[in-house]
Amino acid sequence: MSPDKPISSHVPVLLEETVEALAVQPGGRYIDCTLGGGGHARAILERSSPGGQLLGIDANPDAIKIAKTNLGSYRNSYRLVNENFVNLQAVCVKYDFSPVHGILFDLGLSSFQLNGNGRGFSFQYDAPLDMRFSPDQEVTAANIVNTLSEVDLARYIRMYGEENYSHLVARHIVKERPINSTLHLAQVIERAIGQRRGKIHPATRTFQALRIMVNRELENLGVALRQAVNLLGFEGRLVVISYHSLEDRIVKQFLQQEARDCICPPGVPVCICGHKAQLRLVHKKVIVPSPAEIRHNQRSRSARLRVVERIIAQEDCDNRAEMERVLIGANVGTWRRPFLVKKLQVIFAAA
Ligand SMILES: C[S@@+](CC[C@H](N)C(=O)[O-])C[C@H]1O[C@@H](n2cnc3c(N)ncnc32)[C@H](O)[C@@H]1O
């Protein structure tokens, strides 16, 4: 196969909508925090050429290898880093990669992680109960399943899997321990709740809960989103695609909060928080895949894309050094609204 032809079976979700939302432009600088097979990254490189640069991050070392092959001829325009995106800021400092024009998070798993890559993410393939994105992480799903108390298991399966029958599942798991393989766990859950789950497989929610716990997905997402905002240049775009309600709630609440000037609790007569909006919601409503995309790619059915743009008002410019970097960054490559950059330079010169 030609190195320019994508080798991953992963079909990027909301591809056109993502590139649109990022407002990708020639010469721009972008970060893909969830590189996967490199499907979105490749489209970003195509659209930002000539002169575009991409920093691709993935916690899974296999994803880095696959993406390298799929990004083929763009090899002078990207750097791929095997890291957790919770360390996004440190990675950008290390490679002097900020401010940037756009940052993408396409959360969750790629198809090659789900299609039995031996990491135990799927209940459809037998594998050790692992679920770590990176082999460097210490805690596996087997550790959790075999050591937590029944009460804690039930609590976390409910919290991170939104599983109504979490108590039943936890009781059966504790009775059946040790459980070290995906199919064994799936059978135990099936015995516990049978077909009560309706359309989805009875193990879906428990597997989701375990994966979230093993990889600290929700905590890491919250930390990384905050870092991402700080790395965006003026009018830079942040795009997040999430696949379940727990992630989407974190993304939505964070973006809405950062798009508001005051975040005082309701009922406070005068603002005491001093919070200033750093973002503008580009679309008030979430973007979802078309029926045609869902027909073509079932995995896309739960996807929800949110997009914001960084705004910096004059009164926010208390960090002069950061602003200077934004301006320098904005002058490298093509910037979408040069007149606004000029305006900021005038403000700066006068300060
Ligand atoms: C849905 S896939 C991305 C697919 C990619 N957009 C494409 O088009 O091929 C999500 C990827 O994010 C990675 N990932 C998930 N959480 C991560 C984290 N906290 N840090 C780094 N990578 C993460 C997973 O290993 C997986 O490869």
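Above this text sits the structure in question.
Counting of residues starts from 1 at the beginning of each chain's written sequence and follows it residue by residue. Per-residue local features of the predicted model are confined to residues with pLDDT of at least 70, and side-chain atom pairs are confined, for both listing and counting, to 80 or more; whole-chain, interface and lining totals are unaffected and use all residues.

Novice: Just checking my understanding: could you explain the pairing of strand β5 (residues 232-242) for this structure?
Specialist: Along a regular strand, successive side chains alternate from one face of the sheet to the other. For β5, the buried fraction is high: 11 of the 11 residues fall into the buried class. One ladder, built from 6 bridges, connects strand β4 (residues 100-106) with β5; its direction is parallel. Across the sheet, Phe 105 pairs through a bridge with Val 240, a residue of β5. Across 6 bridges, the pairing between β5 and strand β7 (residues 304-310) is antiparallel. Note on β7: the bridge partner recorded for Ile 241 is Leu 305. Burial in this document is a count-based property: other C-beta atoms within 10 Å of a residue's C-beta are tallied, and the residue is buried at 20 or more, exposed at 12 or fewer, or partly exposed in between, with C-beta positions derived from the backbone. Each helix corresponds to a stretch of at least 4 residues labelled H or I by DSSP, and each strand to a stretch of at least 2 residues labelled E; elements are numbered beginning at the N terminus. A pair of strands is considered paired only if DSSP assigns at least 2 bridges between the two.

Novice: How should the environment of Val 288 be read in this particular structure?
Specialist: For Val 288, the position within the fold is in the loop between β6 (279-281) and α13 (291-296). For Val 288, a count of 16 C-beta atoms within 10 Å puts it in the partly exposed group. The spacing of Val 288 and Leu 14 is 274 residues in sequence and 7.7 Å in space, taken between C-alpha atoms. With residues near it in sequence (within four places) discarded, Val 288 still touches Ala 303 and Arg 304. Contact definition: two residues whose C-beta atoms, as placed from backbone geometry, lie within 7 Å.

Novice: What is the right way to read the site of the ligand from this model?
Specialist: Residues in contact with the ligand amount to 22 residues; listed here are only the nearest, Pro 12, Thr 34, Gly 36, Gly 39 and Ala 59. Considered class by class, the residues forming the shell around the ligand number 8 nonpolar, 12 polar and 2 charged. Only the C-beta atom matters for nearness: placed from the backbone, it must lie within 6 Å of the molecule or strand for the residue to count as near. Gly falls in the polar group here, along with every residue not listed as nonpolar (Ala, Val, Leu, Ile, Met, Phe, Trp, Tyr, Cys, Pro) or charged (Asp, Glu, Lys, Arg).

Novice: How do you make sense of the sheet that holds β7 when you look at a structure like this?
Specialist: Each strand in a sheet pairs with its neighbour through backbone hydrogen bonds, running either in the same direction (parallel) or in the opposite one (antiparallel). The sheet built from 7 strands is open, its strands ordered β3-β2-β1-β4-β5-β7-β6 with mixed pairing. Strands at the two margins of the open sheet, each flanked by one partner only, are β3 (78-82) and β6. Mean inter-strand twist for the sheet, computed between neighbouring axes without regard to direction, equals 20°. Strand direction decides the pairing type here: strand β2 (residues 53-58) and β3, joined by 5 bridges, are parallel. Bridged to Leu 54 within β3 is Tyr 78. Helix α1 (residues 15-22) contacts β1 (29-32), β4, β5 and β7 of the sheet and is inclined by roughly 160° relative to β5. Lying over the sheet, helix α2 (residues 39-48) contacts β1, β2, β3 and β4, oriented at roughly 175° with respect to β1. Angles shown run from 0 to 180 degrees and are taken between the N-to-C directions of axes, each axis being a line fitted to C-alpha atoms and, for helices, limited to the stretch in contact.

Novice: Hey, could you run me through unusual backbone geometry in this one?
Specialist: Across residues other than glycine, the phi torsion is negative in most instances, and most of the peptide bonds are trans. Geometrically, the link from Ser 98 to Pro 99 is a cis peptide bond, its omega value of -5° lying close to zero. Mapped onto the elements, Pro 99 comes out in the loop between α4 (88-94) and β4. With omega at 0°, the peptide bond leading from Arg 177 into Pro 178 counts as cis. Turning to its location among the elements, Pro 178 is positioned in the loop between α8 (166-176) and α9 (182-193). Positive phi values are uncommon outside glycine, yet Glu 162 reaches one of about 50°.

Novice: What should I look at first to understand the pairing of β1 in this one?
Specialist: Neither face of β1 is open: one carries Arg 29 and Ile 31, the other Tyr 30 and Asp 32, and all of them are buried. With 4 bridges joining them, β1 and β2 adopt parallel strand pairing. Bridge pairing in β2 places Asp 32 opposite Gly 56. When the strands point away from the viewer, a crossover counts as right-handed if the route from the first strand across the helix to the second turns clockwise. Assessed by its sense of winding, the connection that carries the chain from β1 through α2 to β2 is right-handed.

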